[in-house]
Structures are given as structure tokens and as C-alpha cells.
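Chain by chain, the residues run as shown.
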Amino acid sequence: MGLHSAQKKHFPLQGIDGVVQLFDAELRKPEPDLALLSLVLGFVEHFLAVNRVIPINVPGIRFEPLEPDCPNSCFPTVELGMISALHERFTAQIRGAVDLSQFRRPAGGSSRELVKKVSDVIWNSLSRSYFKDRAHIQSLFSLITGTKLDSCGVAFAVVAACQVLGLKDVHLALSEDHAWVIFGKNGEETAEVTWHGKGNEDRRGQTVSTGVGERSWLYLKGSYMKCNRNMEVAFMVCAINPSLDLHTDSSELLQLQQRLLWLLYERGDLERYPMAMGTLADLEDQEPIPGKESPFSIHLKAVNSAKKYYNNEHIYPFMYLAGFHYRHREVKEALGAWAEAASVMQDYNYFREDEEIYKEFFDIANDVIPTLLKETAAADEMGGEGGVGGEGPEGADKDQSKQMATFSALQDPDCFAHLLRFYDGICKWEEGSPTPVLHVGWATYLVQSLSRFDAQVRQRVSIITKEPELQDDDDQSSEDPREGRRRGPRRESRLEDQTSPQAATASASPPAQPPNQPKKVAARRSSQGPRSGDVEGKAKSPSPDPSSQPPPSQPQASPTAGLVVAFQSEKMKGMKELLSAAKVNSSAIKLQLTAQSQVQMKRQKSTPSGDYTMSFMKRQRKSL
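Residues numbered from 1 in each chain as written. Predicted model: local features only at pLDDT ≥ 70, side-chain atom pairs only at ≥ 80, totals over all residues. Heavy atoms only, no water.

1. Describing the overall build of the chain
Regarding its fold elements, the chain presents 25 helices and eight strands. A buried classification covers 56% of the 624 residues belonging to the chain. Put simply, of all contacts in the chain between residues at least 6 apart along the chain, 73% involve residues at least 24 apart. Of the roughly 26,600 Å² of accessible surface on the chain, a fraction of 50% belongs to carbon and sulfur atoms. (Helix = DSSP H or I, 4+ residues; strand = E, 2+ residues; numbered from the N terminus. Buried < 20%, exposed > 50% of the residue type's maximum accessible area, 1.4 Å probe, protein only. Contact = heavy atoms within 4.5 Å. Areas by Shrake-Rupley, 256 points an atom, 1.4 Å probe, with all protein chains shown as cover.)

Right, here's the structure in full:
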């Protein structure tokens, strides 16, 4: 019971260095104490973000300035007495409520009944009424002192409680917007232990196989993260919420999170945690630490991690990368990364519970991209007026090169091709899904974005309609609503398929990058070929690894060679002629984009309505 002497010697924790030293010591152990570390982070976050007060006359709490000349930047001293008391209270609560002798213990580890019992203990300790998506309720400090936890905080608390009971096989499982636990031999068993959404929909104890089989993004088709103890520590670090309000963050919490993520990254504990690497890269992009790895390099490692370990089924590594390029006004690279995210998304089915990623794509398509193209057009006009002889004496070559790249983005057919691939992925995502994705709001901004490109630029992109190869057995296995989607549409004319195989390969190849920039995420994945992680994929998977160097025989060396985009979705195939017309026909494009696809109509005729009975609710996104 209680803390060990080796843990107590680190207290009191003074400043960020003291917290980092405690984490470093715990991470060197085979079993870092999740409860202790979560209580420490919750304590610090409470007094820096929740109850941020003037650091004087606070009973029992001392504050130390992070910088001698800046009294407003203070950090609470973490005393042993308070943390030890909270730790003992948590361990006593768990051990007093769970009698291990009453549960069978399979040879491989814990039983489902035991895991369910632990989740019951955490669940029943929560307040009966509180706003489940409020900030700063993800740590055990919030559970012990306020009996409140958010959804992912409940899953983490269950894992920490199982560690207190000595159940070393129970670990955290994470998708990009949900958490549950794995247990048993090699983590083969799964169990829901928390809710998802705004309601307390109770699925605790159930497996996640249904969500995996439905191909919903929430469960990543089974390519979710199976955490070890150090990855669970990384999860609690990523869950730090530095926000004071909607517009202000705690600089002290940001520094603490950045230091702890660097500790985990340099130890190799983030190798299988792409979202944690994305968070670190974003922090480093805002406030770089001298001598550390560049944010762009970390973003590429996150993308490679998703490809290597998770079958390239994760969306957020590309979202983080696109955000990096967007902040640096690298238009073509940002569009390419968003197109990659959409091409990964196209192999999922959209359910109501996937609303968080829907909102991400909705904001990108209907706000971020239109704004980016509008700003690019404005910059282009300014550059055209003052571009001749307008070099300033202080202008650096690098800044001028980036400015010229921004000016020319709307004249670059690669940017238009990325935009088309982005919308093609969204339309393909909708096909075969029980819930529609696109509506007239999407169509309005698609027309606006298309209109930014001149007809000459749009006509430099050749569009082909890619037909699926699996056309046999059309009448077999038609009961599965997803099977027809994998085979593809049957009514599409093959008239456009007379393009040469070399052109089809070129359609998925990323454009040549400027010599002063690394390779950007701009590859097109085929939904019919192997995933990007399958290095054996040849003709069926023409798209290379977006972060790898292009092969020397790429046909995209010259812009005059032409750029080819292969459409996968029925809606974009139907707009083929409209997209290259001299004038953008807004009415026709809106009708085509908002029309119900042929594939969806077939699904609704052949699929009983009872096949999709799960009603899900949306939630505010929490970083995992």
C-alpha cells in the first residue's frame, strides 16, 4: 500500500524539471505507476488551468516562479503528503471493492467478468449528473477530488485500477476518438469500459468486434493501438489540456507537455503512437526547443508509423501534416496531405458515431480550403501587380521562393489534382455507408474552390475513371452491403478506360517537389490494391509511400507530360466532363454531388433496415 521509498525521494516536485525527473524514473521501471503519474499531472493542471489563482495565501499550496524575472509564470510545488494521500485513497477504493478470489483467472490473464467488475467500480464512483465533455476531467485527480471523468478518462482509470490489482495483462486500446481495454493472452480479448458520445450509453463488457466489422472509423477496422505501460503514460501526457478558456492556453502546461513528450519520444516510446508524435510536432512548431528534431521530420515519422504498424488506416497523421503545411502557407503540400487523408477515409463506412472525423473533413472542405485558396488568389494578384522589380533589400531567398510557390499554386495543376482526389475520397467514403455524408453545403464550396482554377489549369489534368478488377461473381454475396462497394459499381461504362497503363500509374504518382523541400504526402492510394504498408503491391497499388523518395523512373518529371487522376467514386466520375469544362457549371455540379449514388440506392433496396440499429451521439474531440 502507498508509495515506495524510491518514489517518495523525488518529492517535493519543484517546477517542470521536478515533474520530468519523476516521469523519467517511472518510465525506467517495468511497471510505471499510472495512478501516481496521473495524480501528479492532474494536480498540476488543476492549479494552472482549472483553479488558476494568484499564487499567494493558498492553503497548503506553494508556487515557484518558472522564471525569476516573471512572477506571473508560476508552477505549483507538488508535495508528497497530498499526492500520497490521494494515491492511498484510490488504491484502497479499488482493492476494497474487488475481491479477486471471486473471479476465475484464465492462464492467459484476466477474465471478462473481472474487467467488467473493475469498470463497474469506476463507473459507480462517478457523479450522477455532470457535463461529460467538460475540460480538465481526464485524470485520476479529477476522479478522486471531484468524482468526474470524461470518456477516455474512464478507460484510463480502469487500466490504472487493474494495475493496482496486479492485472498486468489489462492494457489500454486506442483509436483516434475512442478508448477501451484489451486483456488476456497477447491482448486478444477486447472490452468496452466507457461510453462514446454525450450519453451514457452502456456497452461495458461488450467486445468491439461489431464496430470493427462495420468498418467504422471509430474502431479503425481493427488497426487500433494496443498500448503497453509506457504508451499509457504517453496517453496521459497527450491528454493534458492547457486551455484556460476558448482563446488562452497555459504556457506552463504547454512547456510541461512538450518536455514530457520529448522524454517519451527520445526513449522510443512514441514509435507506435502517431497522434502523440503529431502533438509533439505541433508543440515544437509553435515553440521550438533549440537542438531538437524538426517538426516536419516528426510529422513524417508519424505518417510512417501509421503505415508500418497500423496498415495506413489512421487519418490524423495526415491531418497533422496538412496543418503544418497550412500554417507555413505551403499550399500544394497541404492539399496533398488532405487528399491523402481522404484517400485513407474512402475505405471506411460512415456511421453517426464517426461524426468527429466528419466535422474535421467538413471544416477542411467548407472553410479551410476555400479560405486558403482565397488568400492564395489575393496574394497572386498582389504578386502580379508588384512582382516585377519588387525585390526588397531584406528579402531572403527562402522566403521569396516560398512566396513564389504560393503565388503559383492556383496555376499549378498538381494543386487542382489534389483537390479532386480530396473530394473523390469523401465521395467514396459515402458510398455503401448507412449515413449520407454530402449535402448542398459541401457542393457550394466545391464550386467555389473549383472556380479558383482557370480552365487552362483544370484542363491540364487528365481524368480517368478507374474500374475495379473484381467483376466476377456479381450475383454472389450480394447480401453484404459492403461487398458491392468493394467490387465497385456495375453500370459504369468502360469507355474511359482506354487510357494506357502508364497513364493510370501516373495518376497515382505524386507530383515532383521543389528541390529545396522534402517529399510531401501526395500519393494516391488505390482502394482495390494493397495498403501502403504492403511493399509487395505492384500493379494493383500504384501509389508510393508519400514520405519516401520517388523512384527514379517517375513519369511526372515534366509538367508538360500531363497529370492524370483516377476517380474511384461514382459521383466524381459523373462530374468528369464538368470539371474540365471551360466554365464551371455550378448547378450541374451541385446536383451531381448531392444526388444519392447508384451504389447507395442498391444498398437501401437490398439491405434490411434493421442491419444498422446502433444510435450514436457526437462528442467534443479529445486528443488521444
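2. Side note on the packing of aromatic side chains
Going through the model one piece at a time under the given rule, you end up with 21 aromatic pairs. One aromatic cluster in this structure is built from Tyr-350, Tyr-358, Phe-361, Phe-362, Phe-422, Tyr-423, Trp-429 and Trp-442. Taking the ring centre of Tyr-348 as reference, the NZ or CZ of Lys-221 above it sits at 4.7 Å. Between the NZ or CZ atom of Arg-329 and the centre of the ring of Tyr-326, over which it lies, the distance is 4.7 Å. (Phe/Tyr/Trp six-rings, centres within 6.5 Å; stacked < 30°, edge-to-face > 60°. Lys NZ or Arg CZ within 6 Å of the ring centre and 35° of its normal.)

3. Observations regarding helix H14 (residues 331–345)
Given a rise of 1.5 Å per residue, 15 residues ought to cover 21 Å, and the 21 Å separating the end C-alpha atoms of H14 matches this to within 8%. Counting buried positions along H14 gives 15 out of 15 residues, so the element sits mostly inside the fold. (Expected span 1.5 Å × (residues − 1).)

4. Structural notes on the nonpolar core
Ranked by internal contacts, the top residues of the largest apolar core, which has 171 residues, are Phe-90, Trp-338, Phe-361 and Phe-422. With twelve residues, the single largest contributor to this core is helix H3 (residues 34–50). When residues no more than four places from it in sequence are discounted, the contact partners of Phe-361 are Ile-315, Met-319, Ala-341, Ala-342, Met-345, Phe-422, Ile-426, Trp-429 and Trp-442. (Core = buried A, V, L, I, M, F, W, Y, C linked by side-chain atoms within 4.5 Å.)

5. Observations concerning the packing of helix H2 (residues 15–27) against helix H10 (residues 251–267)
Taken N-terminus to C-terminus, the directions of H2 and H10 make an angle of 30 degrees; their axes are 10 Å apart at the nearest point. In terms of orientation, H2 lies roughly parallel with respect to H10. In the crossing of H2 with H10, the sense of the turn from one axis to the other is right-handed. Judged by residue contacts, Ile-16, Asp-17, Val-19, Val-20, Phe-23, Asp-24 and Leu-27 of H2 engage Glu-252, Gln-255, Leu-256, Arg-259, Leu-260, Leu-263, Leu-264 and Arg-267 from H10. Along the lines of polarity and charge, the residues of the contact of H2 with H10 split into nine nonpolar, one polar and five charged. (Axes fitted to C-alpha atoms, helices over the stretch in contact; angles between N-to-C directions. Parallel < 35°, antiparallel > 145°, perpendicular 65-115°, else oblique. Left-handed = near helix turned anticlockwise from the far one by under 90°. Nonpolar A, V, L, I, M, F, W, Y, C, P; charged D, E, K, R; others polar.)

6. With respect to the pairing of strand S7 (residues 461–465)
Most of S7 is tucked away: four of the five residues are buried. Across five bridges, the pairing between S7 and strand S8 (residues 563–567) is parallel. Bridged to Ile-464 within S8 is Ala-566. (Pairing = 2+ DSSP bridges.)

7. With respect to the environment of Ser-110
Following the sequence through the fold, Ser-110 ends up in the loop between helix H4 (80–97) and helix H5 (112–124). The class of Ser-110 is buried, set by a relative accessible area of 4%. Each C-alpha atom, one on Ser-110 and one on Val-170, is 7.4 Å from the other, the two residues being 60 residues apart in sequence.

8. Here we look at the packing of helix H12 (residues 295–310) against helix H13 (residues 316–327)
Angle between the axes and distance between the axes: these two values describe a pair of packed helices. Interhelical geometry of H12 versus H13 gives an angle of 160 degrees and a closest axis separation of 9 Å. What the angle tells us is that H12 and H13 run roughly antiparallel. In the packing of H12 onto H13, the handedness of the crossing is left-handed. Contacts between H12 and H13 involve Pro-295, Phe-296, His-299, Leu-300, Ala-302, Val-303, Ala-306 and Lys-307 on the former and, on the latter, Pro-317, Phe-318, Tyr-320, Leu-321, Phe-324 and His-325.

9. Some thoughts on the environment of Asp-354
Along the chain, Asp-354 turns up in the loop between H14 and helix H15 (355–386). Between the C-alpha atom of Asp-354 and that of Trp-217, which follows or precedes it by 137 residues, the distance is 6.1 Å. Residues in contact with Asp-354, not counting those within four places in the same chain, are Ser-216, Trp-217, Leu-218 and Asn-349.

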